[in-house]
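# Descriptive analysis of the structure
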Amino acid sequence: MKTDIIIIGGGIVGLSTAYQLLQLNPDLTVTILEKENAVAKHQTGNNSGVIHSGIYYKPGSLKAQNCLRGYDMLIDFCKAQNIEYDLCGKIIVAIKPEEIAGLEALYQRGIQNGLSGLRFLSKDEIKQYEPNCVGIKGVFVPQTGIVDYKQIAVKLAENINLNPNGNIILNSKIQAIVGNEHGAVVHTDTERYEARLVINCAGLYCDKVAAMAGENLNMKIIPFRGEYYAIKPEKAHLVKNLIYPVPDPNFPFLGVHFTRRISGEIEAGPNAVFAFKREGYKKTDFKWSEFWDAISFAGFRKVASKYWKTGLGEYHRSYFKPAFVKALQQLVPSITEDD
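Model, not experiment: these values are computed from the prediction. (Residues numbered from 1 in each chain as written. Predicted model: local features only at pLDDT ≥ 70, side-chain atom pairs only at ≥ 80, totals over all residues. Heavy atoms only, no water.)

### Some thoughts on unusual backbone geometry
Pro270 follows Gly269 through a cis peptide bond whose omega is 0°. Counting through the fold element by element, Pro270 comes out in strand E16 (residues 266–274). Non-glycine residue Ala40 carries a positive phi angle of around 60°. Within the secondary structure layout, Ala40 lies in the loop between strand E2 (30–33) and strand E3 (50–51). A positive phi angle, near 55°, is found at Asn171, a position not held by glycine. Mapped onto the elements, Asn171 comes out in the loop between strand E9 (166–169) and strand E10 (174–180). Taking relative accessible area as the criterion, Asn171 reaches 49% and is therefore assigned partly exposed. (Helix = DSSP H or I, 4+ residues; strand = E, 2+ residues; numbered from the N terminus. Buried < 20%, exposed > 50% of the residue type's maximum accessible area, 1.4 Å probe, protein only.)

Pasting the structure below:
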């Protein structure tokens with residue numbers, strides 16, 4: 001089969017890439033190859049559903065630019081496709097005096113990134129937004145929202161399939177990529193595809209796919225799993241919207257927090273732990289080759305040797321529920337283990 005562009009991966013990144021390409025150039029033929037039997041099976045369908053504002057990212061960085069531009073495009077797409085979303089805002093809360101400097105730095109980053117309506121909250125004002133939350137100072141971020149990203153992915157897929165030049169082929173795991181003077185040939189379990197351009201949107205396996213294409217990378221995907229508890233429906237009133245702590249700048253995680261889902265469910269978490277399998281969503285998931293691949297990587301060992309105490313703390317919360325609850329109680333003291 002011949003096509004202009006092959007996109008490897010049917011998550012939200014691959015789907016939105018295909019959707020945009022077809023919008024920009026309707027004459028292109030674009031084919032998505034997805035190894036699963038449906039789109040959005042992995043990160044897209046397993047995240048907390050938050051629409052992030054861009055407050056955390058260094059002003060002027062590509063990450064900040066991408067988040068801010070993507071934010072507007074996401075809202076426009078939801079409006080056009082009648083997808084439910086809620087720009088409910090969130091509060092970031094300092095619970096200790098030593099966190100105030102970090103909170104104020106986040107506020108300044110938000111201003112520099114063009115966010116409007118940010119406001120500092122006093123101890124009493126925090127209660128106006130979240131009556132059960134405690135803290136000594138907070139920031140309200142009105143741009144933060146919630147949405148179901150799986151629903152967005154399904155709608156993107158519908159649009160692509162309705163386009164006569166768009167095609168999503170499921171159950172198509174990549175086995176080899178062979179470059180030639182005309183582009184590349186992509187081999188799956190059952191088919192051979194020729195394309196002028198191949199775009200790698202393979203998520204947790206994007207480094208493996210890049211290696212198939214002959215790239216000699218000095219980096220590797222190391223899987224971490226976010227573990228959440230759901231708050232019982234009768235206790236959902238403890239959290240109105242989203243409550244976040246001031247994050248530790250040493251890590252790419254935002255700390256244990258509370259998130260209202262678009263369904264109304266309240267999630268508490270995540271606990272961020274090293275996963276023993278790239279697509280390991282349960283504690284019991286293990287794949288020896290991927291585990292060894294991660295721990296034998298010098299970059300992982302360097303980080304692990306520096307931050308092993310933090311890592312052990314995450315595992316402690318993972319396997320010991322009272323420790324997880326204790327972390328949550330720093331923001332909402334009235335929550336209990338039974339909730």
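### Quick word on the nonpolar core
Ranked by internal contacts, the top residues of the largest apolar core, which has 28 residues, are Leu15, Ile152 and Ile160. For this core, the secondary structure elements donating two or more residues are strand E1 (2–8), helix H1 (12–24), E2, helix H2 (62–81) and helix H5 (149–162). Among the elements that take part in this core, H5 stands out by supplying six residues, more than any other. Not counting the four nearest positions on each side in its chain, Ile152 is found in contact with Ile12, Leu74, Phe77, Cys78, Ile83 and Val147. Ranked by size, the runner-up nonpolar core spans 19 residues in total, among them Val93, Val239, Ile266 and Phe324. (Core = buried A, V, L, I, M, F, W, Y, C linked by side-chain atoms within 4.5 Å. Contact = heavy atoms within 4.5 Å.)

### Quick notes on a nonpolar patch on the surface
Side chains of Phe286, Trp288 and Trp292 sit close together on the surface and give an oily, nonpolar patch of about 390 Å² of accessible area. Considering the arrangement of structural elements, one finds Trp292 in helix H7 (residues 288–295). (Patch = residues over 30% accessible without salt bridge, like charges linked within 9 Å, V, L, I, M, F, W, Y side chains within 5 Å. Areas by Shrake-Rupley, 256 points an atom, 1.4 Å probe, with all protein chains shown as cover. Salt bridge = Lys/Arg side-chain N within 4 Å of Asp/Glu carboxyl O.)

### Here's the deal with the environment of Glu337
The topology assignment puts Glu337 in the segment after helix H10 (321–329). For Glu337, a relative accessible area of 40% translates into the label partly exposed. Sequence spacing of Glu337 and Lys283 is 54 residues, and the spatial spacing of their C-alpha atoms is 20 Å. When near neighbours in sequence (up to four residues on either side) are disregarded, Glu337 contacts Lys321, Pro322 and Val325.

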